[in-house]
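Per-entry structural report
Residue strings, one per chain:
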Amino acid sequence: MWIINLVGVVFVGLIVWWFWLYKPNEVKANKDLIITVENGVYSPSYITVPPNQAVSLVFNRKDPAPCAEQLLIPEFNISESLVLNQHTRVHLPAMPTGEYEFHCQMKMYKGTLRVSE
Ligand SMILES: [Cu+2]
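Residues numbered from 1 in each chain as written. Predicted model: local features only at pLDDT ≥ 70, side-chain atom pairs only at ≥ 80, totals over all residues. Heavy atoms only, no water.

1. Remarks on the coordination of the copper ion
Looking at the copper ion, one finds its protein donor set to be C67 (SG) and C104 (SG), positioned 1.8 to 2.2 Å from the metal centre. Residue C67 is located in the loop between β5 (55–61) and β6 (70–73), and its partner C104 is located in the loop between β9 (98–103) and β10 (110–115); the two are separated by 37 residues in the primary sequence. Like C67, the residue C104 is buried in the burial classification. (Donors = N, O, S within 2.8 Å, 3.2 Å for Na, K, Ca; no water. Helix = DSSP H or I, 4+ residues; strand = E, 2+ residues; numbered from the N terminus. Buried < 20%, exposed > 50% of the residue type's maximum accessible area, 1.4 Å probe, protein only.)

So, in structure tokens, the structure goes:
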């Protein structure tokens, strides 16, 4: 019995870590940066872009899961379809400093856009 409880606690711990504590390495966006969509994650998933200037990000979707198709950045009303096995360039408006989430429709794939100098 105790082992089931232990497994439960570890599992809850992993969920907490994954959804709230885990901070992926930060990557600065430049024109060669390609964000790969594969196995349920964006990599890199923590991307810094400069403030107050329009930028674009290139997504390479290798994940055939239907959920991987839609890329959403709710703060800026961006909803982009990513074509499987192709590079899709997503244009972003000039954004004020801050952190913005990007994710798939069901928020299983998640990333953070950090707008900062
Ligand atoms: Cu999803």
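2. Concerning the sheet that holds strand β8 (residues 87–92)
The strand order across the open sheet formed by four strands is β3-β2-β5-β8, and the pairing between neighbours is mixed. Each of the sheet's edge strands pairs with one partner strand only, and the pair in question is β3 (41–43) and β8. Ignoring which end each strand starts from, the neighbouring axes of this sheet average 30 degrees apart. Bridge count between strand β2 (residues 34–38) and β5: four bridges; the pairing is parallel. (Pairing = 2+ DSSP bridges. Axes fitted to C-alpha atoms, helices over the stretch in contact; angles between N-to-C directions.)

3. Focus on the nonpolar core
Soluble globular proteins tend to bury their nonpolar side chains together. Counting 24 residues, the largest nonpolar core has Y42, F59, L92 and L113 as the members making the most contacts within it. When residues of this core are traced back to their parent elements, those giving at least two are β2, β4 (46–49), β5, β6, β8, β9 and β10. When residues of this core are assigned to their parent elements, the largest contribution, three residues, is made by β5. Excluding anything up to four places from it in sequence, Y42 contacts I35, T36, V37, F59, Q70, L71, F102, H103, C104, Y109, K110 and G111. (Core = buried A, V, L, I, M, F, W, Y, C linked by side-chain atoms within 4.5 Å. Contact = heavy atoms within 4.5 Å.)

4. Overview of the packing of aromatic side chains
Both the distance between ring centres and the angle between the ring planes are used here to describe each pair of aromatic rings. Scanning the model with the defined rule gives five aromatic pairs in all. Where Y42 meets F102, the ring centres are 5.1 Å apart and the plane angle is 50 degrees; that geometry is what we call tilted. With Y42 in strand β3 and F102 in strand β9, the pair connects residues that are 60 residues apart, well separated along the chain. Ring geometry for Y42 versus Y109: centroids 6.0 Å apart, planes at 55 degrees, classification tilted. Of the two residues, Y42 sits in strand β3 while Y109 sits in the loop between β9 and β10, which places them 67 residues apart along the sequence. According to the relative accessible area criterion, Y109 is buried, its value standing at 4%. (Phe/Tyr/Trp six-rings, centres within 6.5 Å; stacked < 30°, edge-to-face > 60°.)

5. Structural notes on the pairing of β6
Alternating positions in β6 separate into two faces, Q70 and L72 on one and L71 and I73 on the other, with burial throughout. What sits between the antiparallel neighbours β6 and strand β7 (residues 78–81) is a turn of four residues, in which N77 has the positive phi angle 55 degrees.

6. Things to note about unusual backbone geometry
Here S43 and P44 are connected by a cis peptide whose omega angle stands at -5 degrees. With respect to the helices and strands, the residue P44 is situated in the loop between β3 and β4. Although it is not a glycine, N85 sits at a positive phi angle of roughly 60 degrees. You can see N85 is positioned in the loop between β7 and β8. Positive phi values are uncommon outside glycine, yet K107 reaches one of about 60 degrees. Here K107 is to be found in the loop between β9 and β10.

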